[in-house]
Amino acid sequence: KKKPDVIVLNTCSIRDHAEQKVYSYLGPHAKRKRAGEDITIIVAGCVAQQEGQSLLRRIPEIDLVMGPQYANRISDLLEDVANGNQVVATEASHIMEDSTKPRRQSSVCAWVNVIYGCNERCTYCIVPTTRGVEQSRPVESIVDEVKELVEKGYKEVTLLGQNIDAYGRDMIPKRKFSDLLRTVGAIPGLERLRFVTSHPRYMSLGVVDAVAETPTACEYFHVPFQSGSNDVLKAMGRGHTREKFLQIVERIRQRLPDAAITADVIVGFPGETEQDFLDTLSLMEEVKFDNVNTAAYSPRPNTPAATWTNQLPEVVKQDRLQRINEMNLRHATERRAKMMDRVVEVLVEERNVKVPTQVMGRTRHGYIVYCEGDIDELRGKLVNVKVDKCQRYYLAGKIVDEE
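Just so we're clear, the structure is a prediction, and the values are computed from it rather than from any experiment.

Draft legend 1. Structural view of the pairing of strand β7 (residues 156–161). Of all 6 residues that make up β7, 6 are buried, and the element is covered over most of its length. Here β7 shows no split at all, with E156, T158 and L160 on one side and V157, L159 and G161 on the other all buried. Pairing analysis gives 5 bridges linking β7 to strand β8 (residues 192–196), with the strands arranged parallel. From the neighbouring strand, L159 faces β8, where its bridge partner is F195. Following the chain from β7 across helix α7 (residues 177–185) to the adjacent parallel β8, one finds a crossover that is right-handed.

Right under this line is the structure:
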């Protein structure tokens, strides 16, 4: 098997030990280069942005260190490398519109960036340091990209942003994300529209209304609350309260009673008391999320919370993580159990890799559904499935005529 002569390590720094994993992975490739092989080593993404020159000091065999904002300029940077230079591209930079299109792993569903970067300063998060300031894409550019995707046969588009509700606030004149939703949702031929990630501090009730009033917009909201304790939220620098989050949930339940709501939460944040944690559990009981991405707090480099002296013992963090995961699984099971015997609209995406005679798709709520069918015939089609099996994280059933 031929070994690659260009190695690109695209990195994420959200979780702990990310830097150590990068150095460990690069070791064998650096060894090849020291042995005289003609290879190019590139470290891209958030660890690259975070570490910068120190990557070259640790592993001088690296040719290019490149932050996320330079992704569409890699050819220019590689030309500089070909001229014999070691390149560190981590300076703040305005993200230019890219004439090339990202590779889509699906032929049915596509992701479209609408805003890059993040202006928030949550005390636990490294993203603003690695991703830069918020930069909204022009409405016309987003619309053109979605139209092109629809012409190529894509049925579903997910609009992406680290803080998508901030879309347009850096523009002159300012724009509203709710207006963008309505505009994109009206593009002929688009079957479904989703978006992530919402921030409770900025998510307007008008976004909920836009989803309710836009037929293509799916009844699905991903709104991280991070903690149910106002004291912890204040320490996190989240800029919202428990009450503000529940106000958003109330509007969603009013306008779209059947909507799916998912979230992110951190347990074991520095200074979190047992009562703070119980406040988080009580919020989850009140909302009953369709799923929550849970994580125990881990200190990240260059973040304020990492330097605080009130860090919690690992055993406490793991205990709280286990308890919150048990509740999350129970709620996910309860929410999906309500789908039993219902007929749901499913957009077929791929074959079920475990059962080749079945296809896999998703409901408008984002639930995974498996059913018998020919993928070559059904890929990209909307079918009605009567649910006869509900598990924690998927549904199963049979295709039926429209009811």
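Draft legend 2. Layout of the packing of helix α6 (residues 139–151) against α7. Between α6 and α7, the shortest axis-to-axis distance is 10 Å and the interhelical angle comes to 30°. As far as their axial angle goes, α7 and α6 are roughly parallel. At the point where α6 passes α7, the crossing takes the right-handed sense. Contact residues: V139, I142, V143 and V146 in α6; L180, T183 and V184 in α7.

Draft legend 3. Highlighting the pattern of salt bridges. Tallying each qualifying case throughout the model produces 31 salt bridges. The partner of K152 in a salt bridge is E148, with the nearest N and O atoms 3.2 Å apart. The class of K152 is exposed, set by a relative accessible area of 55%. In this structure, D319 and R323 form a salt bridge, with 2.8 Å as the shortest nitrogen-oxygen distance. Of this pair, D319 and R323 both sit in helix α12 (residues 314–337), separated by 4 residues, roughly a single helical turn.

Draft legend 4. Structural context of the environment of D231. Mapped onto the elements of the fold, D231 is located in helix α9 (residues 230–236). As a C-alpha pair, D231 and T273 span 42 residues in sequence and 9.8 Å in three-dimensional space.

Draft legend 5. Quick peek at the sheet that holds strand β4 (residues 87–89). Read from one edge to the other, the open sheet built from 4 strands follows the order β1-β2-β3-β4, with strand pairing classed as parallel. With one partner strand each, in any of the chains shown, β1 (6–11) and β4 form the two edges of the open sheet. Taken pair by pair, the neighbouring strands of this sheet meet at an average axis angle of 10°, ignoring direction. Two elements, strand β3 (residues 64–66) and β4, share 3 bridges in a ladder whose sense is parallel. Counterpart to M66 in the pairing with β4 is A89. Along the sheet face, helix α4 (residues 74–82) touches β2 (40–45), β3 and β4 and points at about 155° away from the line of β3.

Draft legend 6. Structural detail: the nonpolar core. Counting 55 residues, the largest nonpolar core has L159, F221 and F289 as its most contacted members. A per-element tally of this core places α6 first, with 6 residues. If we skip the residues at most four places from it in the chain, F289 touches F225, F245, I261, T262, A263, L283, M284, H331, A332 and R335. If you look at the next biggest cluster of nonpolar residues, it comprises 17 residues, including L9, Y23, L26 and V65.

Draft legend 7. Structural view of unusual backbone geometry. Looking along the chain, the bond that leaves I172 and enters P173 is cis, with omega of -5°. With respect to the element layout, P173 can be found in the loop between β7 and α7. Non-glycine residue D341 carries a positive phi angle of around 70°. Mapped onto the fold, D341 is located in the loop between α12 and β12 (343–351). Residue classification places D341 among the exposed residues on the basis of a relative accessible area of 53%.

Draft legend 8. A look at α7. Listing the buried residues of α7 in full gives F177, S178, L180, L181, V184 and G185. The arc that holds every buried residue of α7, seen down its axis, measures 160°, which confines them to one face. As for α7, its buried residues are in contact with β5 (109–116), α6, β7, β8 and α8 (205–213).

Draft legend 9. Structural view of the side chain of H240. Assignment of secondary structure puts H240 in the loop between α9 and α10 (242–255). We classify H240 as buried; its relative accessible area is 7%. Non-local contacts of H240, meaning those with residues more than four positions away in its chain, are made with H199, P200, R201, F225 and L233.

Draft legend 10. Seen up close, the side chain of D276. Its location among the elements puts D276 in helix α11 (residues 274–287). In this structure D276 is buried but unpaired, with R320 as the nearest side chain of opposite charge at 6.8 Å. Not counting the four nearest positions on each side in its chain, D276 is found in contact with S229, D231, V232 and G271.

Draft legend 11. Spotlight on the environment of E151. Residue position: E151 is located in helix α6. For E151, a relative accessible area of 70% puts it in the exposed group. In this structure, the C-alpha to C-alpha distance between E151 and P188, residues 37 residues apart in sequence, is 9.8 Å.

Draft legend 12. Expanded view of the environment of G27. For G27, the location among the structural elements is in helix α1 (residues 18–34). Taking the relative accessible area as the measure of exposure, G27 reaches 27% and is therefore partly exposed.

Draft legend 13. Structural context of α11. The end-to-end C-alpha distance of α11, which contains 14 residues, comes to 20 Å, matching closely the 20 Å that a straight helix rising 1.5 Å per residue would cover. Listing the buried residues of α11 in full gives D276, F277, T280, L281, L283, M284 and V287. One side of α11 carries all its buried residues, which in axial view fall inside an arc of 155°. In this structure, the buried side of α11 is in contact with α9, α10, β10 (260–267), β11 (291–296) and α12. Following α11 by one or two positions, K288 has its phi on the positive side, about 55°.

Here is what the cut-offs are and how they apply
Residues numbered from 1 in each chain as written. Predicted model: local features only at pLDDT ≥ 70, side-chain atom pairs only at ≥ 80, totals over all residues. Heavy atoms only, no water. Buried < 20%, exposed > 50% of the residue type's maximum accessible area, 1.4 Å probe, protein only. Helix = DSSP H or I, 4+ residues; strand = E, 2+ residues; numbered from the N terminus. Pairing = 2+ DSSP bridges. Right-handed = clockwise from strand over helix to strand, strands pointing away. Axes fitted to C-alpha atoms, helices over the stretch in contact; angles between N-to-C directions. Parallel < 35°, antiparallel > 145°, perpendicular 65-115°, else oblique. Left-handed = near helix turned anticlockwise from the far one by under 90°. Contact = heavy atoms within 4.5 Å. Salt bridge = Lys/Arg side-chain N within 4 Å of Asp/Glu carboxyl O. Core = buried A, V, L, I, M, F, W, Y, C linked by side-chain atoms within 4.5 Å. Arc of directions from axis to C-beta. Lys, Arg positive; Asp, Glu negative; His and termini not counted. Expected span 1.5 Å × (residues − 1).

Any functional reading would require information that these geometric values do not contain.
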